[in-house]
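These are the residues of each chain, in order.
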Amino acid sequence: MLRIGDFSKLSRISIRMLRHYDEIGLLVPENIDVLTNYRYYSECQLPIADRITALKDMGFSLASILEILKNYEDSKALARFLEIKQAEVQGQAEEAKRRLLLLETTIYRLRKDGIVMNYNVTLKELPERYVASVRKVIPTYVHEGMLWGILMQETANLNLQNGDPCYTLAIFHDGEHKESDVDVEVQKSVKGSYQNTENVVFKTVAPIQMASAIYKGSYEKINEVNEAVANWVRDNGYEFNGLSFCIYHVSPHETKNPEELITEVCYPVLKK
């Protein structure tokens, strides 16, 4: 029999941790002296201690190890535990790889032009939405307000319930910048179900994975933000996967001060 100190040295597990293992029933001493309360371990418990350490090194929690040890001699059951952990660790490795790439590309851009952190680009998903939509060819981009006017006018009597959250956005269907005759669609997310009007279409829109940047200020900055998002997409191994759009978090409908506008520039993307 080995006293806890000797067992600690041989197993390379601290005394404090051995006591914790005892408390949770993971590795219980072979014997405890009722008079001195000394813990004694058997040499045959050393392989069990090694199993615990090996499983910890693989990333298993103590609760999981306790469950695994109950079925350790069942090779099929053990293999299932290991395969599940393998998939989990692979996922963590991919996430760590993605974060490293984000750090590398951000550092590169910061060193190159010093302005990248003005617009923080993130990858996110715009959820499925039920929207009121108006799409038309308008003279120029600055005439977008015409579309919002149509939407508000034709739905005024429908008692529309705002979505939760309520996204208001504009999609640019041309796929490129145009000087005139631009194809633009505006959408507002709503709750409920409504009949189409002359120019307003109600529809469900699928979720979108997107790279986006939120900025505060006038729409004159939008070209800078577009460039920041485009650089992020290229540098981080994504490709464009749809039409660009803008989400208006604070729009001219809420404020007349251009410096108070808050806009999110969005590009649907797909991992290469």
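The paragraphs below set out a description of the structure included in this document. Computed from a prediction, not measured in an experiment: that's the story for all the values here.

## Overview of the overall build of the chain
Each helix and strand in the chain was counted, giving 7 helices and 13 strands. Rg of the C-alpha trace for the chain: 30 Å, well past the compact-globule value of 19 Å for 272 residues, more than 25% over. Judged by the C-alpha coordinates and their principal axes, the chain covers about 90 × 50 × 35 Å. For the chain, buried positions account for 35% of its 272 residues.

## Notes on the environment of aspartate 174
You can see aspartate 174 is positioned in the loop between β7 (168–172) and β8 (182–191). On a C-alpha basis, the gap between aspartate 174 and aspartate 74 in space is 61 Å, while along the polypeptide they are 100 residues apart. Residues contacting aspartate 174, with those up to four places away along its chain left out, are Asp181, Val182 and Asp183.

## Quick notes on the sheet that holds strand β3 (residues 39–41)
Remark on secondary structure: sheet strands pair via backbone hydrogen bonds, oriented parallel or antiparallel. With respect to topology, 3 strands assemble into an open sheet ordered β1-β3-β2, the strand pairing being antiparallel. Two strands in the sheet have a free side with no partner beyond their single neighbour: β1 (2–3) and β2 (31–32).

## Thoughts on helix α2 (residues 15–24)
Buried residues of α2: Met17, Leu18, Tyr21 and Asp22, and no others. What you see down the axis of α2 is that its buried residues fit within an arc of 145 degrees, all on one side. Exposed positions of α2 whose direction lies more than 90 degrees from the buried face are Arg16 and Glu23. Elements that come into contact with the buried residues of α2 comprise α1 (4–11), β2, β3, α3 (46–57) and α4 (62–70). Two residues or fewer after α2 comes glycine 25, characterised by a positive phi angle close to 80 degrees.

## Observations regarding the packing of aromatic side chains
Within this structure, the stated rule accounts for 8 aromatic pairs. With 5.9 Å between their ring centres and 75 degrees between their planes, tyrosine 141 and phenylalanine 172 make a pair best called edge-to-face. Here tyrosine 141, found in the loop between β5 (129–138) and α6 (145–154), pairs with phenylalanine 172, found in strand β7; they are 31 residues apart in sequence, far enough to count as distant. According to the relative accessible area criterion, tyrosine 141 is partly exposed, its value standing at 24%. A ring pair is formed by tryptophan 232 and tyrosine 238, whose centres lie 5.4 Å apart and whose planes are at 25 degrees; its orientation type is stacked. Tryptophan 232 sits in the buried class, given a relative accessible area of 9%. Overall, the relative accessible area of 8% leaves tyrosine 238 in the buried class. Grouping aromatic residues by their ring pairs yields a cluster made of Tyr130, Tyr194 and Phe202. A cation over a ring is seen here: arginine 3 above tyrosine 38, with NZ or CZ 4.3 Å from the ring centre. Across the ring face of phenylalanine 60, the terminal group of lysine 85 is positioned such that the distance to the ring centre comes to 5.3 Å.

## Quick look at the pairing of strand β12 (residues 245–250)
Looking at chain direction, β7 and β12 are connected through 3 bridges and run antiparallel. Each residue of the ladder has a partner; that of leucine 169, found in β12, is isoleucine 247. With 5 bridges joining them, β12 and strand β13 (residues 262–271) adopt antiparallel strand pairing. Residue cysteine 246 lies in a different strand from β13, and its bridge partner there is valine 265.

## With respect to unusual backbone geometry
The omega angle of the peptide bond from aspartate 164 to proline 165 is 0 degrees, so this bond is cis rather than trans. Note on placement: proline 165 falls in the loop between β6 (161–162) and β7. For arginine 12, which is not glycine, the phi dihedral falls at a positive 60 degrees. With respect to the helices and strands, arginine 12 occurs in the loop between α1 and α2. Overall, arginine 12 belongs to the exposed group, its relative accessible area being 77%. A positive phi angle, close to 55 degrees, is found at asparagine 159, a residue other than glycine. Within the secondary structure, asparagine 159 sits in the loop between α6 and β6. Among the residues examined, asparagine 159 registers a relative accessible area of 57% and is labelled exposed.

## Thoughts on helix α7 (residues 222–235)
Two residues of an α-helix separated by three or four positions point the same way, owing to the 3.6 residues in each turn. Taking 1.5 Å per residue as the helical rise, α7 with its 14 residues ought to reach 20 Å, and the 20 Å between its terminal C-alpha atoms agrees with that figure. Of the residues making up α7, those classed as buried are Val225, Ala228, Val229, Asn231, Trp232 and Val233. After α7 finishes, the residue glycine 237 shows a positive phi value of roughly 75 degrees.

Rules used in this analysis
- Residues numbered from 1 in each chain as written.
- Predicted model: local features only at pLDDT ≥ 70, side-chain atom pairs only at ≥ 80, totals over all residues.
- Heavy atoms only, no water.
- Helix = DSSP H or I, 4+ residues; strand = E, 2+ residues; numbered from the N terminus.
- Rg over C-alpha atoms; globule rule 2.2 N^0.38 Å.
- Buried < 20%, exposed > 50% of the residue type's maximum accessible area, 1.4 Å probe, protein only.
- Contact = heavy atoms within 4.5 Å.
- Pairing = 2+ DSSP bridges.
- Arc of directions from axis to C-beta.
- Phe/Tyr/Trp six-rings, centres within 6.5 Å; stacked < 30°, edge-to-face > 60°.
- Lys NZ or Arg CZ within 6 Å of the ring centre and 35° of its normal.
- Expected span 1.5 Å × (residues − 1).

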